[in-house]
Amino acid sequence: MTQVKAAITAVGGFVPEFRLTNKVLEGMVDTTDDWITTRTGIKERRLLKKEEGSGTSYLAVKAVENMVERYGVDTSDIEMVIVATATPDMPVAATACKVATDIGAKNAFGYDLMAACSSFIYALSTGSKYIQSGQYKKVLVVGADQMSSIIDYTDRTTCVIFGDGAGCVLLEPNTEGLGIQDEILRSDGSGREYLKIDAGGSILPASAETVATNAHYVKQEGRQVFKFAVTNMADVSEQIMKRNNLSSDDVQWLVPHQANLRIIDATANRMGLDKEKVMINITRYGNTTSGTLPLCLYDYQDQLKKGDNIVFAAFGGGFTWGSLYLKWAIDPKN
Ligand code: UT7
């Protein structure tokens, strides 16, 4: 019997208009363009301002509209919507339901998936299982975050890093051997103290005190997270190559989570990949959390060829991390 794989058949992306440059940040907190550039690789990030729109669903819907326009997807055929996000529109009522309704996916069900910066890679894995089971034929996976809604713009250790953005892919069955081939997904809860939001959950519900102490913003012990990220992202990327007998020549693209250019370089080096094979947009968008991987696909889609071997790699709060290997299925004529 022919094996069914889940293939990406359409891609979309969106970033908001407002650009927060390193220069402007120099006037907001005690930092410099030089520090941000050399320590992270970021030059500017996009933020969603109220005048443009509000909420992660706004970013997600824009990304899907971009996909629909380019690939001619009929949204009423979509059966399932997964929104990977760490910044849902609201704590209760899944953002995916709103997105599905707004895009006209009236025959779909939807839910959110949260695994911090690994949300999109986990969601790709989840979506692919629904396709492989044979039960669904069109699964939309969105990675979207309005990070500016949970960032303290007086905290220089986080506000220089994050940005807002969204990307999406459509998954469909493929019987030619293209699509998702393999994945390695991991997590380790002992790392959660290093990257978290203390308040607003069930342990510390929001109160006047949590607001007064800024406990509803992201806190990160960057150096600790860096140590784990740099080792674990490279480890799983090397492992997925080994167990699929891929040499560095066999891999056409690395799609890495965009948290820090130094972490991306370390992963690419371990995989033996030249810089030209590494998708990078951290310079322009910063770390968009769940948006980084699909926004890379959105930016590089014209350079991808049917059959290309692509390795995704991510690391995030939780800790969560993983790698995923797929064969690109879209014909360049699209
Ligand atoms: O995406 C989810 C997963 N997240 C990650 O993978 C992030 C991993 N971590 C990192 O990317 C890096 O740790 C950061 C970019 C967050 C920080 O870079 P670093 O090289 O690890 O810096 P550090 O935290 O070790 O800080 C070095 C110095 C400190 O000063 P002292 O103690 O040496 O005097 C910081 O206070 O840099 C200082 N510093 C800053 N200086 C200027 C921290 N933030 C800034 C800043 N501007 N924005």
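Worth saying up front: this structure is predicted, and the values here are computed from it rather than measured. (Residues numbered from 1 in each chain as written. Predicted model: local features only at pLDDT ≥ 70, side-chain atom pairs only at ≥ 80, totals over all residues. Heavy atoms only, no water.)

Engineer: Help me out: how do you make sense of the domain arrangement of the protein in this one?
Structural biologist: Interfaces are often described in size by the accessible area the parts lose on coming together. Domains assigned within the protein are domain 1 (5-177) and domain 2 (180-327). A separation of 14 Å is found between the C-alpha centroids of domain 1 and domain 2. In this assembly, 56 residues from domain 1 lie in contact with 48 residues from domain 2. Taken as a group, Cys117, Ile121 and Tyr122 account for 16% of the area that domain 1 buries against domain 2, more than any other trio of residues on that side. (Domains from an automatic or database assignment. Contact = heavy atoms within 4.5 Å. Buried area = accessible area lost by both parts, 1.4 Å probe.)

Engineer: Even after reading the chapter, I still don't get a positive patch on the surface, so can you show me in this structure?
Structural biologist: A cluster of basic residues, Arg39, Arg223, Lys227 and Arg262, forms a positive patch on the protein surface. By the element assignment, lysine 227 lies in helix 8 (residues 222-243). (Patch = residues over 30% accessible without salt bridge, like charges linked within 9 Å, V, L, I, M, F, W, Y side chains within 5 Å. Areas by Shrake-Rupley, 256 points an atom, 1.4 Å probe, with all protein chains shown as cover. Salt bridge = Lys/Arg side-chain N within 4 Å of Asp/Glu carboxyl O. Lys, Arg positive; Asp, Glu negative; His and termini not counted. Charge placed at Lys NZ, Arg CZ, Asp CG, Glu CD. Helix = DSSP H or I, 4+ residues; strand = E, 2+ residues; numbered from the N terminus.)

Engineer: Please explain a negative patch on the surface as it appears in this structure.
Structural biologist: Among the surface-exposed residues, Asp249, Asp250, Asp274 and Glu276 lie close enough to one another that they form a single negatively charged patch. Relative to the assigned elements, glutamate 276 resides in the loop between helix 9 (261-271) and helix 10 (282-285). Residue class for glutamate 276 comes out exposed when judged on its relative accessible area of 60%. (Buried < 20%, exposed > 50% of the residue type's maximum accessible area, 1.4 Å probe, protein only.)

Engineer: I'm lost on the packing of aromatic side chains in this one. Help?
Structural biologist: Aromatic rings in a pair are described by how distant their centres are and how their planes are angled relative to each other. Scanning the entire structure with this criterion turns up 11 aromatic pairs. Ring centres 6.1 Å apart and planes at 80° place the aromatic pair phenylalanine 14 and tyrosine 58 in the edge-to-face group. Residue phenylalanine 14 is found in strand 1 (residues 5-14), and its partner tyrosine 58 is found in helix 3 (residues 56-71); the two are separated by 44 residues along the sequence. Residue classification places phenylalanine 14 among the buried positions, given a relative accessible area of 16%. Each ring, one from phenylalanine 109 and one from tyrosine 111, has its centre 6.5 Å from the other, and the planes form 40°; the classification is tilted. Take phenylalanine 109: its relative accessible area is 33%, and that puts it in the partly exposed class. Over the face of the ring belonging to phenylalanine 18 we find lysine 49, whose NZ or CZ atom lies 4.6 Å from the ring centre. Above the face of the tyrosine 285 ring, arginine 284 is positioned so that its terminal group lies 4.8 Å from the ring centre. (Phe/Tyr/Trp six-rings, centres within 6.5 Å; stacked < 30°, edge-to-face > 60°. Lys NZ or Arg CZ within 6 Å of the ring centre and 35° of its normal.)

Engineer: Honestly, the site of the ligand in this entry has me stumped. Any pointers?
Structural biologist: Neighbouring the ligand are 23 residues, the closest being Thr31, Arg39, Arg223, Asn260 and Asn287. One of the side-chain nitrogen or oxygen atoms of threonine 31 is found 2.6 Å away from a nitrogen atom of the ligand. With respect to the ligand, the backbone of glycine 222 contributes an N or O atom lying 2.9 Å from an oxygen atom. Surface burial for the ligand is 76%, taken as the share of its 950 Å² of free accessible area covered by protein chains. Every element with two or more residues in the shell around the ligand is listed here: helix 2 (33-40), helix 8 and helix 9. (Near = heavy atom within 4 Å. Polar contact = N/O pair within 3.5 Å; in protein donor to acceptor, adjacent residues only side chain to side chain.)

Engineer: What am I meant to see in the sheet that holds strand 8 (residues 179-187) here?
Structural biologist: The pairing of strands in a sheet comes from backbone hydrogen bonds and takes either a parallel or an antiparallel form. Spatial strand order, 8-13-12-11: four strands in an open sheet with mixed pairing. Unpaired on one side and paired on the other, strand 8 and strand 11 (253-256) mark the two borders of the sheet. For this sheet, the mean angle separating the axes of adjacent strands, direction not counted, is 15°. Sheet analysis places strand 11 next to strand 12 (residues 309-316), joined by four bridges and oriented parallel. (Pairing = 2+ DSSP bridges. Axes fitted to C-alpha atoms, helices over the stretch in contact; angles between N-to-C directions.)

Engineer: Can you walk me through the environment of phenylalanine 120 in this structure?
Structural biologist: Its place among the elements puts phenylalanine 120 in helix 5 (residues 119-132). Separated by 174 residues in the primary sequence, phenylalanine 120 and proline 294 place their C-alpha atoms 7.8 Å from one another. The contact partners of phenylalanine 120, leaving out residues within four places of it in the chain, are Ala84, Val141, Val142, Gly143, Val169, Ser290, Leu293 and Pro294.

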